[in-house]
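These are the residues of each chain, in order.
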Amino acid sequence: MRGRRHRVVPSLPAEVYGAALSHCRDLIMTPWRSPKDSDALGKVSDLAREINQGWCGDFATFVVDHLPGARFNWRTDHGFVEWNGRYYDAECPDGVDEVDDLPIFGGRGGQ
């Protein structure tokens, strides 16, 4: 019996994902936000959720500008990235095969 072949799925490169998060964090932290708000965005999951609630286009644009072959997509008021046949956003750096699987659309993010 042959061993199973596992499909290797690409995650967004860590340096691009991290830089996109930092870029959006800088955009979000405008002068009218308090230092307490800054502390709340310290966790990646909180920051990613915040990005997906109004800054997703900025995130996706940054990734597309820094990742060869990535394409910007927009659906139902949400910007996301298509790269190597998978879909990504701030909350889903590992990507999903189907757009509907992105957490923002009610999916589980490939879990």
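Refer to the structure presented above.
Notes on the structure follow. Just so you know, the residues in each chain are numbered from 1, in the order the chain's sequence is written. Per-residue local features are limited, in this predicted model, to residues with pLDDT of at least 70; the limit for side-chain atom pairs, both in listing and counting, is 80 or more; totals at the level of whole chains, interfaces and linings are taken over all residues. The side-chain quantities take in all heavy atoms of the structure and omit both hydrogens and water.

1. A look at the pairing of strand 1 (residues 71-75)
How we decide: Strand pairing requires that DSSP identify at least two bridges connecting the strands. Comment: elements are numbered from the N terminus, with helices defined as DSSP H or I runs of at least four residues and strands as E runs of at least two.
Bridge analysis of strand 1 against strand 2 (residues 78-83) gives five bridges, and the strand direction is antiparallel. Bridging from a neighbouring strand, Asn-73 pairs with Phe-80 of strand 2. Linking strand 1 back to strand 2 in an antiparallel pair, the connection comprises two residues, with Thr-76 at a positive phi of about 45°.

2. Overview of the sheet that holds strand 4 (residues 92-96)
We apply this condition: Every axis in this analysis is a line fitted to C-alpha atoms, fitted for helices over the stretch in contact. Angles between the N-to-C directions lie between 0 and 180 degrees.
If you walk across this open sheet you meet the four strands as 1-2-3-4, and the pairing is antiparallel. The open sheet is flanked by strand 1 and strand 4, the only strands paired with a single partner. Pairs of neighbouring strands in the sheet enclose a mean axial angle of 35°, with direction left out of account.

3. A look at the nonpolar core
Heads up, the rule is: What is meant by a nonpolar core is a set of buried Ala, Val, Leu, Ile, Met, Phe, Trp, Tyr and Cys residues, joined one to another through side-chain atoms within 4.5 Å. With a 1.4 Å probe rolled over the protein chains alone, any residue whose accessible area is under 20% of its type maximum counts as buried; one over 50% counts as exposed, and the rest are partly exposed. Whether two residues are in contact is decided by their heavy atoms, any of which lying within 4.5 Å being enough.
Of all hydrophobic cores here, the largest spans 20 residues; its most connected members are Leu-12, Ile-51, Phe-59, Val-63, Leu-67, Val-81 and Trp-83. Those elements that provide at least two residues to this core are helix 1 (14-28), helix 3 (44-51), helix 4 (56-66) and strand 2. Per-element accounting of this core gives the leading share, six residues, to helix 1. If we skip the residues at most four places from it in the chain, Val-81 touches Ala-60, Val-63, Val-64, Ala-70, Arg-71, Asn-73, Arg-86, Tyr-87 and Tyr-88. Counting residues in each nonpolar core, the second largest holds six residues, with Phe-80, Tyr-87, Cys-92 and Val-96 among its members.

4. Structural notes on the pairing of strand 2
Across the six residues of strand 2, six count as buried, placing the element largely inside the fold. By the alternation rule, side chains of strand 2 split into His-78, Phe-80 and Glu-82 and Gly-79, Val-81 and Trp-83, which are all buried. Inspection of the sheet shows strand 2 paired to strand 3 (residues 86-89) by three bridges, in the antiparallel sense. When the bridges of strand 3 are listed, Trp-83 appears paired with Arg-86. Taken together, strand 2 and the strand that follows it, strand 3, pair antiparallel across an intervening segment of two residues, in which Asn-84 is found at a positive phi of about 50°.

5. What about the pattern of salt bridges?
Close approach of charged atoms lets side chains of opposite charge pair. Stated formally: The working definition used for a salt bridge is a side-chain nitrogen of Lys or Arg within 4 Å of a carboxyl oxygen of Asp or Glu.
If you walk through the whole model with that rule in mind, you get four salt bridges. Across the salt bridge formed by Asp-97 and Arg-86, the nearest N and O atoms sit 2.7 Å from each other. Separated by eleven residues along the polypeptide, Asp-97 in the segment after strand 4 and Arg-86 in strand 3 bring together distant segments of the chain. A relative accessible area of 36% means that Asp-97 is categorised as partly exposed. The exposure class assigned to Arg-86 is buried, which follows from its relative accessible area of 6%.

6. Notes on unusual backbone geometry
We note that Thr-76 has phi near 45°; this positive angle belongs to a residue other than glycine. By the element assignment, Thr-76 lies in the loop between strand 1 and strand 2. With a phi close to 50°, Asn-84 is a non-glycine residue in the positive phi region.

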